[in-house]
Amino acid sequence: MIKKFFWIIICLIGAAAFGAVVGVWNPSEKVNALWIVAAAACIYLVTYRFYGAFIAAKIFALSGDHKTPAFTMRDGIDYHPTNRYVLFGHHFAAIAGAGPLIGPMLAAQFGYLPGFLWILIGAALCGSVHDMVILVASVRRNGHSLAQIARDEVGPIGGIAASFAILFIIIVALAGLGLAVVNALTHSAWGTFTIAMSIPIALFMGFYLYKMRRGKVGEVTVIGVTLLIAAVIGGHFIPGSPLEPAFNLNRNTLIICMALYGLIASVLPVWMLLCPRDYLSTYMKIGTILLLAAGVIFIAPNLQMPALTKFIDGGGPVIPGKLFPFMFITIACGAISGFHALISSGTTPKMISSEKDIRMIGFGAMLVEGFVSMMALVAACILLPGDYFAINTTLSFDQLAAMGFPVDRIKELSAMVQVNVVGRPGGAVSLAVGMASILGSLPGMKGLMPYWYNFALMFEALFILTTVDTGTRVARFLVQEMGGFVYKPLARRGWYPGIFISSLFVVGCWGFLIYSGTVKTIWPMFGVANQLLAAIALGVGTTIIIKESKLLYSMVTFIPMLFMFTTTLTAAVQLIISYWTKGRAEMALGLATLHTILVSVMAILAVVALVNMIQRWYLLVVKKEGLAPRSPDGKVLYPNVAGETCDANELHL
């Protein structure tokens, strides 16, 4: 009875807060940011408790008795049983890149209401479902990648189209994520030092946890967090010191350093760098977001950005397109992300110790990311609109005033963080300013604004780099998998020449795109790529559920899939036209052509995959051909390592 009463209270608070944000109560007054925090927290809690439990129990019947590939295919490199909390840290760090931070910040130009609604609904009903479905599918198929699952479940044509689409998409996605961190750390010695120090700290944690004090998660957490805080504080002394030239790096040098990091991190064993670094950064990220939420609750700032701006019809200085469809591809990972499917069928399923952990890791991590996006939206919208646009565009103050957004406190903000923040587009700087404004408003914190600003930059970079290293590893899996059809040893697990060559190819591709692109060209392309992959993954998930004779339950993936294909293909067409017309005036002809080709190829491959899936659904639903075999007692049978069908309890034996 107490539990029921608790959930009733949570539902009522969530409903009241939602009504306040959308203007049901006191529509003429400014909305307090506190209502956004309350609405997101309550609705995500209810979603996890009830919708997540429904999917886990009714659709997949997750059980702790089912053996996982982390044990049966253990190799010490990629397949490795991992503590659920450490793995949650790795998974969250891998999926939570630039999208949940930068996307809502850029989309704030449309007003706070569209972003609030899409992040809330998208993360709860689309993104969390997407992540969990693919994670279950991969765990029950020996950790297979999304591309391999598509080939097995949809068919060879759709599978091949999906494989190439995924490869194109992940490279573009990594370029979009990497571009944000390059913009954030260029000539930022303090932030670069802190990020650089996180690497040896993570290496030490890996050896401590797996070699020196095996399994002592609590000990290594205290040590790691202490060292990271010391790195943040120590970064203050780098500017002006003899060490400054080593960390005050220009754009091209940062690109090279990041590419080298991605290459090294993607070939080292997961326990050595990937897991401890992601674990370390995740709980710092979550702690920072909770601190930010506490700051919002304590100071209760009003949102300064209007619910809707005149840019919903297009012509905005940050995102040039209209609200539909560009708001959806701009927010990207904050609501749903195809990149997550690569993690859910890449590193994470190879480390899951029990199916019981899937709901927390797959479904729960996405809801946490949705909450992160809400906090980024708050950080954007508490800034005065003129100040927001002064940071995120290169327009003059007079031009912004003529558009109806006079600049007010930008010089004061620059002085407070001790950095000139005017004309720093890309979202990273405005997010850091917004976060520093909230945290600096806490009692006794105003004098620490420069620390909070640089801490926020480091916070953003940690989000992004943990996705870059994991994403490069996942892309390497795919290149090896596809390359194995041409040269068999390339697909062999543990063959280091193949691992190195595949990683080098991936890093070279996304490094070139970062070098040649800008926020205006790369970020929309990243958004289209990311959302198209989410649509493909939802289609694959729909196929799997239908194949198991659960047609009604397939609606949980089918409806979001329809929306994602409709929205993102519309955006792709508009983006192709924009690159080919406006793009040629702003970029070199070769780059405009390259970007046009990339978006066109991704859209065509996604359509081919969709057509093949529709054909597959017709055979499954109408012809009843290809349904999953079942045991005499009605349990679904899965293919094991030897290609034989067996019950999930014997899947990996």
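Provided above is the structure to which this section pertains.
These figures come from a predicted structure and were not determined experimentally.

Engineer: Is there a simple way to think about the overall build of the chain in this case?
Structural biologist: Tallying secondary structure elements over the chain gives 25 helices and two strands in all. Over its C-alpha atoms the chain spans a radius of gyration of 24 Å, differing by no more than 12% from the 26 Å that the globule rule assigns to 653 residues. Along the three orthogonal principal directions, the C-alpha set of the chain runs to about 70 × 65 × 55 Å. Counting every position in the chain, which comprises 653 residues, the buried fraction comes to 62%. Just so you have it, the chain exposes about 23,700 Å², and 69% of that area is on carbon and sulfur atoms. Between the averaged position of the 42 positive side-chain charges in the chain and that of its 28 negative side-chain charges there is a distance of 2 Å.

Engineer: Quick question: what am I supposed to make of the packing of helix 8 (residues 156-185) against helix 12 (residues 251-267) here?
Structural biologist: Packed helices, taken two at a time, are described by the angle between their axes plus the distance between the axes. Across the interface, helix 8 lies against helix 12 with an axial gap of 9 Å and an inter-helix angle of 130°. Relative to helix 12, the element helix 8 is oriented oblique. For helix 8 against helix 12, the interelement crossing comes out right-handed. Within the contact between the two elements, helix 8 uses Gly178, Leu179, Val181, Val182 and Leu185 and helix 12 uses Arg251, Leu254, Ile255 and Met258. Residues of the contact of helix 8 with helix 12, tallied by class, amount to seven nonpolar, one polar and one charged.

Engineer: Help me understand helix 12 in this model?
Structural biologist: Think of an α-helix as 3.6 residues a turn; residues three or four steps apart then line up on the same face. Compared with the 24 Å implied by 1.5 Å per residue over 17 residues, the 25 Å span of helix 12 between its first and last C-alpha is a close match. Of all the positions in helix 12, only Leu254, Ile255, Met258, Ala259, Tyr261, Gly262, Leu263, Ala265, Ser266 and Val267 are classed as buried. Its side-chain oxygen 3.3 Å from the backbone nitrogen of asparagine 252, asparagine 250 forms the N-cap of helix 12.

What counts and how
- Residues numbered from 1 in each chain as written.
- Predicted model: local features only at pLDDT ≥ 70, side-chain atom pairs only at ≥ 80, totals over all residues.
- Heavy atoms only, no water.
- Helix = DSSP H or I, 4+ residues; strand = E, 2+ residues; numbered from the N terminus.
- Rg over C-alpha atoms; globule rule 2.2 N^0.38 Å.
- Buried < 20%, exposed > 50% of the residue type's maximum accessible area, 1.4 Å probe, protein only.
- Areas by Shrake-Rupley, 256 points an atom, 1.4 Å probe, with all protein chains shown as cover.
- Lys, Arg positive; Asp, Glu negative; His and termini not counted.
- Charge placed at Lys NZ, Arg CZ, Asp CG, Glu CD.
- Axes fitted to C-alpha atoms, helices over the stretch in contact; angles between N-to-C directions.
- Parallel < 35°, antiparallel > 145°, perpendicular 65-115°, else oblique.
- Left-handed = near helix turned anticlockwise from the far one by under 90°.
- Contact = heavy atoms within 4.5 Å.
- Nonpolar A, V, L, I, M, F, W, Y, C, P; charged D, E, K, R; others polar.
- Expected span 1.5 Å × (residues − 1).
- Polar contact = N/O pair within 3.5 Å; in protein donor to acceptor, adjacent residues only side chain to side chain.

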